[in-house]
Amino acid sequence: MKTDFLGFIFYEKSPRYVLNHLKPEDIAQIGHQGKTGVFVNEEIDRIVQIAEQAELNLIQLHGDESEDFIIELRQKLQPDVKIIKVIRIGNNDVETRKKIENTINSHLSIVDYFLFDTDGKAFGGTGKQFDWTLLNELEIPLPYLLSGGISEENIEDIKLLNQKPFAVDINSKFEIEPGNKDLEKIKKLHRKSPKGTI
């Protein structure tokens, strides 16, 4: 299906925790240039160890990782491993926008991509969509991924965004059960999405 990124969840509390099914060495055997390890408030040395063992291409930070944390992680990772910082979005109000702007500005020089996702009580997919129009009020100087409740019903709304995401991160709405993707649903989304989006 020419998928650009494959996400592997390395968060033990997630029902999609990949190490329940695969060893890092198994992931290393997968011939793909977009192997992405998703981590939530994990120790730096553990991330680096898994990245090397699984031969990951990208690290997605989905927790409350500080700027100093990311700087140290960057120094310890192989130089060709990219970092995605997730920014979780709740309400569309002035306070939220200011917080997002501050996060974007403070992370510009230390990450490669942003990922905008819906904020929730727990880390990980909520299956809910945040107000995407909020992104039109922001300056986003880095390429970004869009996540949070993406479905066949709303994929065409990406056309309304001034700055388009360079990729979409799909998950819960395209699963038969956690970790088991419904390939037919993904194919339908691919056909329906605006050209060049996914």
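Please refer to the structure placed before this passage.
These numbers were taken from a predicted model, which means no experiment stands behind them.

Asks: Any chance you could break down the pattern of salt bridges for me, citing the residues and the numbers?
Replies: Two side chains carrying opposite charge are able to pair once their charged atoms lie near each other. All chains considered together, the criterion is met by 10 salt bridges. Measuring nitrogen to oxygen at the nearest pair gives 3.1 Å for the salt bridge that ties D45 to K76. Of this pair, D45 sits in helix α2 (residues 44-54) while K76 is found in helix α3 (residues 67-76), placing the two residues 31 residues apart along the sequence. Using a relative accessible area of 36% as the deciding quantity, one classes K76 as partly exposed. The salt bridge involving K85 is made with E65; its shortest N-O contact spans 3.1 Å. Here K85 is found in strand β4 (residues 82-89), whereas its partner E65 is found in the loop between β3 (58-61) and α3, with 20 residues between them in sequence. Accessibility classification places K85 together with E65 in one group, the buried group.

Asks: Run through the pairing of β4, naming residues and quoting values.
Replies: For β4, the tally of buried residues reaches six of eight residues, placing the bulk of the element in the interior. In this fold, β3 hands off to α3, which returns the chain to β4; that crossover is right-handed. Inspection of the sheet shows β4 paired to strand β5 (residues 113-118) by six bridges, in the parallel sense. Across the sheet, residue V86 finds its bridge partner in β5, namely L115.

What counts as what
Residues numbered from 1 in each chain as written. Predicted model: local features only at pLDDT ≥ 70, side-chain atom pairs only at ≥ 80, totals over all residues. Heavy atoms only, no water. Salt bridge = Lys/Arg side-chain N within 4 Å of Asp/Glu carboxyl O. Helix = DSSP H or I, 4+ residues; strand = E, 2+ residues; numbered from the N terminus. Buried < 20%, exposed > 50% of the residue type's maximum accessible area, 1.4 Å probe, protein only. Right-handed = clockwise from strand over helix to strand, strands pointing away. Pairing = 2+ DSSP bridges.

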